[in-house]
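# Understanding the architecture of this molecule
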Amino acid sequence: MKILAIESSCDDTSVALLEVTDTGAVVIAEKTASQIEIHKKYGGVVPEVAGRMHAENILPVVEEVMKDNDKPDAIAVTSGPGLITGLLVGVEVAKSLSYIWGVPLIGMNHIEGHVHSVLLPEPGSTEAIPFSTIQFPALALIASGGHTSLILMKDFGEYELVGNTRDDAAGEAFDKVAKMLDLPYPGGPKISKLAETGNIKAISFPRPMMKDDNFDFSFAGLKTAALYWLRDNDLDGDVSINDFCASFEQAIVDVLVAKTIRAQKEFNAKTVILAGGVSANTKLRQTLEESIDDVPLLLPPRSYCMDNAAMIGVAAYHHAKKEQFVNWKEIEANPNWKIYQ
Ligand code: KG4
Ligand code: ZN
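Right, let's walk through the structure included here.

## Looking at the overall build of the chain
Counting secondary structure elements, the chain contains ten helices and ten strands. At 20 Å, the chain has a C-alpha radius of gyration in line with the 20 Å of a compact globule built from 341 residues. By its C-alpha atoms, the chain is 65 × 45 × 35 Å across when sized along the principal axes. By the burial criterion, 55% of the 341 residues in the chain qualify as buried. Long-range pairs, those at least 24 residues apart, make up 74% of the contacts in the chain with a sequence separation of at least 6. Only carbon and sulfur atoms are counted for the fraction: they give 50% of the accessible area of the chain, which is about 14,600 Å².

Quick look at the structure:
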């Protein structure tokens, strides 16, 4: 089955055409128009600007992906959660295509997309990853700019929230601390690069809620600790910016890994999934890999960690098989949509 997927929930206008069968997904064509250079000027994503850019970019991106291909068997579009300004653009275009082509439409959840990013082959590869690679129950740590959640996946389409951030998301903490350091948006990759040559023990940042008897997270206190440290100390003294970044990154990684390992044991998860923008973080990938020994850890290819349409396409397959379609007149963008009960 050929699925055309559209993702525009934040600052990437992404479109992908996939061939998906029971054995897995292969990407036929894909294109993403990133808005990072524009939002950098403002130090973060400005919703109104994002909406306008999506509207400008989306049709040329769809055209580029579809230029050598016939119409698909289904259209999948992210309809939530995310920025309403971006979601509306993707949903309107998907609706129009569904109507014009007479092709069924699926409203997709962005977080469900991230979970499925681990089933995408490396770009350019035609070797599908079998759906059975995910053994149930699976535990997914989704860490991005907007979310930090531990989700128990009991089957395709069946999710339960096990833990969530009570304030900032992990990516948001990276971005806000990067701003304090005058590093450009998005801050996660910059902090992580500087951290490579820093000393993780230079500053002993707090590990919020790490030992608490639950699976929730909190990163606001860590962000404040970083702010106070910068107020009271100099980075050109004994501690370099690299040391600061390494110590900060280590604190986030320690908390994410400790809670994930505990949840994996508690729920007897047979597979662990790490996804969302922060899953591009090398330290997090490596530490989780070293810490989980008895079950497989699934990681997305690096180019599918950040928002992309291909993950929406692979996640849509099981909905398409169950004919969970929505009439083009009825689909609605829902910025607060949650996949779990
Ligand atoms: O999933 P995503 O593309 O967008 C959302 O749905 O939020 O995630 C973007 C987030 C940003 O906060 C960015 O700083 C973070 O992912 N990020 C990283 C790294 N690469 C991206 N955080 C830490 N280390 C990285 N290497
Ligand atoms: Zn995302």
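Here the narrative resumes, following the displayed structure.
## Things to note about the pattern of salt bridges
Where charged atoms from two side chains of opposite charge approach closely, those side chains can pair. Per the counting criterion, the structure on display carries 13 salt bridges. A salt bridge links Lys193 to Glu196; the nearest nitrogen and oxygen atoms lie 3.2 Å apart. For the residue pair Lys193 and Glu196, the accessibility class agrees, reading exposed in each case. A salt bridge links Arg231 to Asp232, with the nearest nitrogen and oxygen atoms 3.0 Å apart. Each of the salt bridges in this network shares a partner with another, and the network as a whole consists of Asp168, Glu172, Lys176 and Lys223.

## Focus: the packing of aromatic side chains
Using the criterion set out here, one finds ten aromatic pairs in the structure. Here the aromatic rings of Tyr99 and Trp328 are separated by 4.8 Å at their centres, their planes lie at 55 degrees, and the arrangement is tilted. On the criterion of sequence distance, the pair formed by Tyr99 in helix 3 (residues 84-101) and Trp328 in the segment after helix 10 (309-321) is long-range, its members being 229 residues apart. The exposure class assigned to Tyr99 is exposed, which follows from its relative accessible area of 54%. Ring pairs connect the aromatic residues Phe174, Phe205, Trp229, Phe244 and Phe248, which therefore count as one cluster.

## Structural notes on the site of ligand 1
Close contacts around ligand 1 come from 18 residues, with Gly145, Asp175, Gly277, Asn281 and Asp307 the closest. His110 is positioned with one of its side-chain polar atoms (N or O) 3.3 Å from an oxygen atom of ligand 1. Ser144 places a polar side-chain atom, nitrogen or oxygen, 3.5 Å from an oxygen atom of ligand 1. Taken by itself ligand 1 offers 550 Å² of open surface, and the protein chains cover 92% of this. Of all elements in the fold, only helix 4 (110-116), helix 5 (170-180) and helix 6 (187-195) reach the threshold of two or more residues within the shell around ligand 1. For the shell around ligand 1, the residue count by class is six nonpolar, ten polar and two charged.

## Concerning the coordination of the zinc ion (ligand 2)
Only His110 (NE2), His114 (NE2) and Asp307 (OD) from the protein reach the zinc ion (ligand 2) as donors, at distances of 2.1 to 2.2 Å. Sequence spacing of the donor residues for the zinc ion (ligand 2), all on one chain, is H-x3-H-x192-D. In this pair, His114 sits in helix 4 while Asp307 sits in the loop between strand 10 (297-298) and helix 10, placing the two residues 193 residues apart along the sequence. One exposure class covers both His114 and Asp307, and it is buried.

## Structural notes on the sheet that holds strand 5 (residues 105-109)
Pairing is mixed in the open sheet, where five strands are placed in the order 3-2-1-4-5. Both outer strands of the open sheet, strand 3 (24-34) and strand 5, are each paired with one neighbouring strand and no more. Going from strand to strand, the sheet's axes swing by 25 degrees on average, the running direction of each strand aside. Pairing of strand 1 (residues 2-7) with strand 4 (residues 74-80) involves four bridges; the strand directions are parallel. Directly across from Ile6, in strand 4, lies its bridge partner Val77. In this fold helix 3 packs onto strand 1, strand 4 and strand 5, with an angle of close to 155 degrees to the strand it touches most, strand 4.

## Here's the deal with the environment of Asp216
Examined against the element boundaries, Asp216 turns out to sit in the loop between helix 6 and helix 7 (220-232). Taking the relative accessible area as the measure of exposure, Asp216 reaches 18% and is therefore buried. The sequence separation of Asp216 and Lys259 amounts to 43 residues, and the corresponding C-alpha distance is 8.0 Å. Apart from residues no more than four positions distant in its own chain, Asp216 is found in contact with Gly163, Asn164, Arg166, Met209 and Lys259. A polar atom in the side chain of Asp216 sits 2.8 Å from the backbone nitrogen of Asn164.

## Things to note about the side chain of His318
As for its position among the elements, His318 is in helix 10. What His318 contacts, discounting residues up to four positions off in sequence, is Phe131 and Phe156.

About the criteria used
- Residues numbered from 1 in each chain as written.
- Chains lettered and ligands numbered in written order.
- Predicted model: local features only at pLDDT ≥ 70, side-chain atom pairs only at ≥ 80, totals over all residues.
- Heavy atoms only, no water.
- Helix = DSSP H or I, 4+ residues; strand = E, 2+ residues; numbered from the N terminus.
- Rg over C-alpha atoms; globule rule 2.2 N^0.38 Å.
- Buried < 20%, exposed > 50% of the residue type's maximum accessible area, 1.4 Å probe, protein only.
- Contact = heavy atoms within 4.5 Å.
- Areas by Shrake-Rupley, 256 points an atom, 1.4 Å probe, with all protein chains shown as cover.
- Salt bridge = Lys/Arg side-chain N within 4 Å of Asp/Glu carboxyl O.
- Phe/Tyr/Trp six-rings, centres within 6.5 Å; stacked < 30°, edge-to-face > 60°.
- Near = heavy atom within 4 Å.
- Polar contact = N/O pair within 3.5 Å; in protein donor to acceptor, adjacent residues only side chain to side chain.
- Nonpolar A, V, L, I, M, F, W, Y, C, P; charged D, E, K, R; others polar.
- Donors = N, O, S within 2.8 Å, 3.2 Å for Na, K, Ca; no water.
- Pairing = 2+ DSSP bridges.
- Axes fitted to C-alpha atoms, helices over the stretch in contact; angles between N-to-C directions.

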